[in-house]
Amino acid sequence: MNLLEIAGLGVRYRDHQALTGVSLAVPPNTTVGLVGESGSGKTTLGRAVLGLVPVAEGVIRLAGRDITHLRGRARRGLSGQVQVVFQNPYLSFNPSRTIGQAVAEPLTLAGLRPAQLRGRVDAMLDRVGLDRSAADRYPSRFSGGQLQRIAIARALMPGPRLLICDEAVSALDLSVQAHVLNLLADLQAEQGLSYLFITHDLAVVRHIADRVVVLRRGEVVEAGPVEQVCSTDPDVPRHPYTRALLAAAPVPDPAEQARRRALRAAPAQEGPVPCES
Amino acid sequence: MARLVGGRVLWSLPLLLALSALTFVLAWLTPGDAARTILGTNTDPVAYAEVRARLGLDRPLVEQYWHWLTGVVRGDLGGSVFTGEPVSAIVGDRLPVTLSLLGLSALVIAAVGTGIGLVGALRGGLAGRLLDGVAVVGMSVPAPWLGLVLIVVFAVDLALFPVTGYVAFADAPADWALSLVLPVVCLSVGGIAVVAKQVRGALADVLGRGYIRALRANGMPTRSVVFRHATRNAALPVVNVFGVVLIGLLGGSIVVEQLFALPGLGQLTVTATAQHDLPVLEGVVLCFTILVVVVNLVTDVISGKLTPRAVTP
Amino acid sequence: MSAGSAVTGVGSTGRAGGGVVRAVARRPLGVVCVAWLGLLVLACLLAGWLGSSPQEQDLEAVYSGPSAAHWLGTDQLGRDLLSRVLHGGRVSLLVVGVALAVHVVLGVVLGLVAGYRRGLVDRIVSRLADLLLSAPAVVILLVVLAVFPHNEAAAMTTLGVLSSAGLARVVRASAIRVREEPYVAAATVAGLGTVRILVRHVLPAVAGPVISLVSLVAGSALLVEASLGFLGLGTQPPEPSWGGLIADASQAIYRQPWMLVPTGGVVAVTAVACALLGDVVRDATDDRATGEPLSWRRMRTRVVARESREPAALCLLSVRDLTVRLADGTPVVDGVDFDVAAGQALGLVGESGCGKTMAVSGVLRLLPPGATVDAATITFDGRETLGLTEREMVGVRGRGIGYIGQDPVASLDPLFTVGDQLVEAVRHHTGATRRQARAKALELLAAVRLPDPAAVAARYPHELSGGMAQRVSIARALAGEPRLLIADEPTTALDVTVQAEILDLLRDLRSRTGMALVLVTHDWGVVADTCDTAVVMYAGQVVENTGVAEVFAAPRHPYTEALLAANPAAAEPGSRLPVLPGAVPAPGHWPTGCRFALRCPHVTTECVAAPIQSTSDTAGAVSRCLHPRAGART
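Here the structure is a predicted model, which means the values were calculated and not measured.

S.K.: Hey, could you run me through the environment of A:Arg217 in this one?
M.R.: Residues and elements named next belong to chain A. By the element assignment, Arg217 lies in the loop between β9 (211-216) and β10 (219-225). On the basis of relative accessibility, which here comes to 66%, the residue Arg217 falls in the exposed class. Once you skip the residues sitting within four places of it in the chain, Arg217 turns out to touch Gly39 and Ser40.

S.K.: Before we go on, may I ask you to explain the sheet that holds strand β14 (residues 622-623) of chain C in this structure?
M.R.: Sheet strands pair by backbone hydrogen bonding; their relative direction is either parallel or antiparallel. All names here are of chain C. Judged by pairing direction, the sheet is mixed, and its 8 strands sit side by side in the order β8-β9-β10-β4-β11-β12-β14-β13 without closing on themselves. Pairing within the sheet leaves two strands with one partner each, and these edge strands are β8 (401-404) and β13 (615-616). Relative to strand β11 (residues 533-538), strand β4 (residues 345-349) runs parallel, the two sharing 4 bridges. When the sheet's bridge partners are listed, Val349 is paired in β11 with Val536.

S.K.: What is the right way to read the sheet that holds strand β5 (residues 65-66) of chain A from this model?
M.R.: All names here are of chain A. Spatial strand order, β2-β1-β4-β5: 4 strands in an open sheet with antiparallel pairing. Where the open sheet ends on each side, the last strands, each with one partner, are β2 (17-26) and β5. Here 5 bridges tie strand β1 (residues 4-12) to strand β4 (residues 57-62), and the two strands are oriented antiparallel to one another. Bridge pairing links Ile6 to Ile60 in β4. Sheet contacts for helix α1 (residues 42-49): β1, β2 and β4; angle to β1, the most-contacted strand, approximately 115°.

S.K.: I would appreciate a short explanation of the nonpolar core in the present structure.
M.R.: Across soluble globular proteins, you tend to see nonpolar side chains buried next to one another. Judged by nonpolar contacts, the single largest core of 222 residues is most densely connected at B:Ile212, C:Val202, C:Leu445, C:Ile474 and C:Trp524. Leave out the neighbours within four places in its chain, and C:Ile474 touches C:Ile404, C:Val448, C:Ile502, C:Leu505, C:Leu506 and C:Leu509.

S.K.: Would you mind showing me how to read the domain arrangement of chain A here?
M.R.: The figure often quoted for interface size is the accessible area lost as the parts come together. Residue and element names in this part refer to chain A. Domain annotation of chain A identifies domain 1 (1-81 + 162-221) and domain 2 (87-157). Inter-centroid distance (C-alpha atoms) of domain 1 to domain 2 is 23 Å. On the domain 2 side, the residues contacting the 15 residues of domain 1 number 11 residues. With both chains or domains summed, domain 1 and domain 2 bury close to 1,200 Å², and 71% of this area falls on carbon and sulfur atoms. For domain 1, the biggest contributors to the area lost against domain 2 are Leu163, Leu183 and Leu187; these three give 32% of the whole.

S.K.: How should the UniProt feature "domain: ABC transmembrane type-1" (unreviewed entry) in chain C be read in this particular structure?
M.R.: Taking the numbering used here, the UniProt-annotated feature "domain: ABC transmembrane type-1" (unreviewed entry) corresponds to residues 89-278 of chain C. Taken end to end, residues 89-278 of chain C has its terminal C-alpha atoms 21 Å apart, with 82% of it in helix and 0% in strand.

S.K.: Mind showing me how you'd approach the pattern of salt bridges here?
M.R.: Between side chains of opposite charge, pairing is possible as soon as their charged atoms come close. Scanning the entire structure with this criterion turns up 30 salt bridges over all chains. Its salt-bridge partner being C:Lys440, residue C:Glu481 comes within 3.7 Å of it at the nearest N-O pair. Note that C:Glu481 is positioned in the loop between α17 (466-478) and β9 (484-488) and C:Lys440 in helix α15 (residues 434-447), a separation of 41 residues in sequence. According to the relative accessible area criterion, C:Lys440 is partly exposed, its value standing at 23%. Residues participating in the shared-partner salt-bridge network are A:Arg118, A:Asp122, A:Asp126, A:Arg132 and A:Asp136.

S.K.: Looking at this structure, I do not really get the interface of chain C and chain B. What am I missing?
M.R.: Counting residues at the interface gives 73 residues for chain C, matched by 78 residues for chain B. Carbon and sulfur atoms supply 69% of the area buried between chain C and chain B, which totals about 6,700 Å² over both sides. Interface area lost by chain C to chain B is led by C:Trp296, C:Leu415 and C:Glu424, which between them contribute 11%. On inspection of chain C and its partner chain B, the count reaches 2 salt bridges. Here C:Asp279 makes a salt bridge to B:Lys197, at a shortest N to O gap of 2.7 Å. Between the two partners, chain C and chain B, sit 18 residue pairs in polar contact (both at pLDDT 80 or more). Residue contributions to the side of chain C that touches chain B peak at 12 residues, all from helix α11 (residues 260-285) of chain C. When its residues are assigned to classes, the side of chain C that touches chain B shows 44 nonpolar, 13 polar and 16 charged.

S.K.: When you look at the UniProt feature "transmembrane region" (unreviewed entry) in chain C in this model, what are you seeing that I'm missing?
M.R.: Those places that UniProt annotates as "transmembrane region" (unreviewed entry) correspond, in this numbering, to residues 29-50, 91-116, 128-148, 154-171 and 209-233 of chain C. As annotated, residues 128-148 of chain C comprises 81% helix and 0% strand, and the C-alpha atoms at either end are separated by 25 Å.

S.K.: Could you clarify how one ought to interpret the packing of aromatic side chains in this entry?
M.R.: Each aromatic ring pair is specified by the distance between its two centres and by the angle formed by the two planes. Counting across every chain of the model gives 5 aromatic pairs over all chains. Judged by centre distance (5.3 Å) and plane angle (85°), the rings of C:Tyr538 and C:Phe596 are edge-to-face. Taken as a pair, C:Tyr538 in strand β11 and C:Phe596 in the loop between α21 (558-565) and α22 (605-609) lie far apart in primary sequence, 58 residues in all. Through a chain of ring-to-ring contacts, the aromatic side chains of C:Tyr538, C:Tyr559 and C:Phe596 assemble into a single cluster. The aromatic ring of C:Phe416 is capped on one face by B:Arg232, whose charged end is 5.0 Å from the ring centroid.

S.K.: Mind showing me how you'd approach the packing of helix α10 (residues 222-259) of chain B against helix α12 (residues 278-306) of chain B here?
M.R.: The axes of two packed helices give the description: the angle between them and the distance between them. All names here are of chain B. Contact pair α10 / α12: the axes reach a minimum separation of 9 Å and the direction vectors enclose 175°. Here α10 lies roughly antiparallel to α12, going by the angle between them. Of α12, the residues touching α10 (which contributes Arg232, Ala235, Leu236, Val239, Asn240, Gly243, Leu246, Ile247, Leu250 and Ser253) are Phe288, Leu291, Val292, Val295, Asn296, Thr299, Ile302, Ser303 and Leu306. Taken together, the residues of the contact of α10 with α12 break down into 12 nonpolar, 6 polar and 1 charged.

Cut-offs applied
- Just so you know, the residues in each chain are numbered from 1, in the order the chain's sequence is written.
- As they are written, the chains are lettered A onward and the ligands numbered 1 onward, keeping that order.
- pLDDT decides what is reported in this predicted model: residues at 70 or higher carry local features, side-chain atom pairs at 80 or more are listed and counted, and totals for whole chains, interfaces and linings draw on all residues regardless.
- The basis for every side-chain value is the complete set of heavy atoms in the structure, and neither hydrogens nor water enter the calculation.
- Each helix is a run of DSSP H or I of at least 4 residues and each strand a run of E of at least 2, with the numbering of both proceeding from the N terminus.
- Partly exposed describes any residue whose relative accessible area lies between the buried limit of under 20% and the exposed limit of over 50%, with all areas from a 1.4 Å probe on protein chains only and scaled to the type maximum.
- Residues count as neighbours in contact if any of their non-hydrogen atoms are within 4.5 Å of one another.
- DSSP-based pairing: two strands are paired if at least 2 bridges between them are found.
- Axis definition: a line fitted to C-alpha atoms, limited for helices to the stretch in contact. Angles are taken between N-to-C directions and run from 0 to 180 degrees.
- As used in this record, nonpolar core signifies buried Ala, Val, Leu, Ile, Met, Phe, Trp, Tyr and Cys residues forming a set joined through side-chain atoms within 4.5 Å.
- An automatic or database domain assignment supplies the residue ranges for each domain.
- Summed over both partners, the accessible area (1.4 Å probe) lost when two parts come together is defined as the buried area.
- UniProt positions are given in the numbering used here, feature names are shortened, and annotations may be inferred rather than shown by experiment.
- We count a salt bridge whenever a side-chain nitrogen from Lys or Arg sits within 4 Å of a carboxyl oxygen from Asp or Glu.
- Pairs of N or O atoms within 3.5 Å make up the polar contacts considered here, provided that, within protein, one atom can donate a hydrogen while the other can accept it, and that residues adjacent in sequence are counted only when both atoms are side-chain atoms.
- Charged residues are taken to be Asp, Glu, Lys and Arg, nonpolar residues to be Ala, Val, Leu, Ile, Met, Phe, Trp, Tyr, Cys and Pro, and polar residues to be all remaining types, Gly included.
- Aromatic rings from Phe, Tyr and Trp, taking only the six-membered ring of Trp, are treated as a pair when their centres fall within 6.5 Å; an angle between ring planes under 30 degrees marks them as stacked, one over 60 as edge-to-face, and anything in between as tilted.
- Throughout this description, the term charge over a ring refers to an Arg CZ or Lys NZ atom that lies within 6 Å of the ring centre and within 35 degrees of the ring normal.
- An angle below 35 degrees is read as roughly parallel, one above 145 as roughly antiparallel, one from 65 to 115 as roughly perpendicular, and any other as oblique.

Next up, the structure:
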């Protein structure tokens, strides 16, 4: 059975439809990459799963249970199963609370004694590769990469089965991003976690995901195994939008970029640049 | 623009109603009433009832209020319970004094406050800190005390200005100006400080924005970067604060008119309050409220002009 | 604090409050203000035990100045002024306290509810606040005092209610801001209820603005109280109050002007203390505030004088030994050299904090306030720019060197249409008439391949998408027909498809105009796409400067090599990415030897002994390493 199942999901904001008829599934112990440009609705989808935006139509099932419209206490009860890591590590922590308090936050309602809680925090900080003394310090003392590891520690505290990573490595420098990607892979191997990995970065998705879902203007354009959707082989059939996305993402190889430029230039002769507004 | 003005005027009606009703209810709750004040030491209950009936004070409150309100719509504000003089005439006599005081003070505050704030934001450093200090002190000086100091120094010791009193503009423009110098200074100091601080803060905020950096990076001169782009962007918060300062001036004018013996609305408010002269008090409150509504309206219109988002659909 | 309670969240709001207290205690001005207010309150509380009674008359010493018996002199009945000031303070401070209590409770509760819950409650509270803010407060106070004669508590409660609208607005705005912070979303996902989130996360964030506004309100409440007392509407004589004392003094301005000094002085000094305290708290809690507010003069970048400069080079732009220091003296760029030939595209690459933006800002003299630039030479187009005055430098910017930044929408003035901004730039650079400039502006918009230039020209910046705004920025930079364009992360905020379009546009413009390009980026893909040479920066230095083909094929510096290897685009999917230990040393904490030594797999003892010099090989490629990688291979 799939850990997360979304069927026909629709989300409306006041003046526009953010998601329309989106369906996707996250099997256990799997990473599903959710790719799209700004305005594609990828972040909205994550927030809908977390119950942070109201769902207009469709169903969200977590481990078989319908969680689409859960509110209040029932929704809070899900904190042990779904957690989140956000894009900006500096904004993910209340500057006036220590790292220890922040990491312990998801266990607020667990009724643990302070000493037990402290033990859990220490163990988790160890796991993500931070010194235990970090618990008594404030977020301003840490770098972006360290904070992102702490954010992962906080998310893992209640032992969730699904982690939603909303552009979780996009704000990080390459060398730091590599650390965090490795950590996510290790944690998955150890704990059988699933990731819904929301990003605009195709290189990262190709690296970490098992399956990929491509969103465009609130609708699923293409979904499938990563080796198929993100294939570099021009003969693998793909949706034109996915192909355009892949071609637009620059790679660290001047010869390859020159080739792609040539490809881009060809159709560009046909008409004016579409006006994005 | 017409819709904005219309909406604002409509929205100000509840304020007018609420304030006049509040005044009525509160005045009704007052232990003494005008009848007692008129009779003074005469405690004859028959005379008392008679006066009350004459003034309409024996009727239910709602009826009194309705009577007053329908009068207002017809342009009749009633008469003073003491002199019998129509309230509109009393208020009309005093309005020019208060308007002179307020208008001049507003001009002085706008000019001096903006000037000081601009210098602070442009030069910074020692000049900026000095201006900051002056602004804090200016904001913190009690107006009546400042007025007294001004009188002692400039009117008594140096004898440059009249100590108190008011000369109508029509009678002698020069004396009119002289008689208003000290009151205007006294009333303006706090507002100048607030506006200067706001101008400086708003400009400092705007100067740190990305578009200022981009303008500089593309070679635009100070004339353009500061005096075209930065000032336009800083104007919005300043205009809003200026509106609040003007409303504050109404309160200040009461103190200043009392201090300098200017026969304006503020002085009238104090007398009417002390004498429980309800029709006069109502008239003054109405007048002040209309002034507030006008200030808010002008502020809103200017803010609207300054914000393209508010006028483009 | 014990280890246990550190993680339980007990007293979390106390900690935030404690943060404000600590921050204020660190500033001398804050300490002075708090000390004055504290001592004053204490003295007023103890007034009964200190010195004589406020009613005790000494008709022998009417209107006396300060003396040993009466430190602050006496009034018209020979009563001791010090005693009357302190006893008056009990009344005045108490009613101000009442006003503040009402103000804070109403303002914070209404603001929090409105800002956090939004919806109908928010609309009602906002309307109510509008109404209260537009009411003439003092007139209402007079009406209240007409009903409750001499009842200052009633008047000040009313003042508290009226002024709470302003506080509610501030709290509401803060609450709305905090509500959107990811950490509040994380707390929601962590299963916290609304009340816990408000207490833990929202209240601490609004504490700073609240305290700062409340101090200001305290000052003005004090002034209002004094005014009411002066008008004879406050506390009735002979009971002293501060306003009443000023009224007493007003009766004696001819006989004893001295009386004005203690009576008005105590009110003024206390109000000043409140106002200053408000400023101190604001500066201490707002992380945007950096001590001195920004001024136009401070924004001018200072050039450190040198006795001799290097002779001008032949390149379009030649930078030697460029050093940038922040206002506190911390170096962020340290001895950077690079050259840009006419028509060439140079990529300045590195991770955040390595100094690449500071380096180009130093060249343009657009550093953060207080920062300084120093170099052996910054020659542009055959001219030494370091010797230029600020006015001359303004001429170099725009006409010689154009600039586009990372956030395209924020780099356009929100109050002017695209057309206005372009026309202004064109007219300034070319001296064209309005009509000519208008035509030229439309030409520029067409040159950056915006469809329907006339329609775009009529729009305001907020009506543009990121990609369109970046095209407009480029058009503006082109208005002065610069020979060099500096683009600082021009595509970082854009989608990949838009990024590709912008990069193509830059390439196209270069080939048409022969304009050179300095592209600051952290994205190796962008470098591979657009640049001819790559300058790699690490910890304020250039560690490698070489052709783009070579930097990817055979990086010389171990840092370049490691950075390329960490890129998932280059790695086998699913494999572990090779990582570097440790982190980039922060400015001010750079080691003496090789700055990469601590993280380098090839480090030797000589690497850490002394600063490493740049060396160039026969092909002209520069690296700052004793054991260059590709060098070892060849």
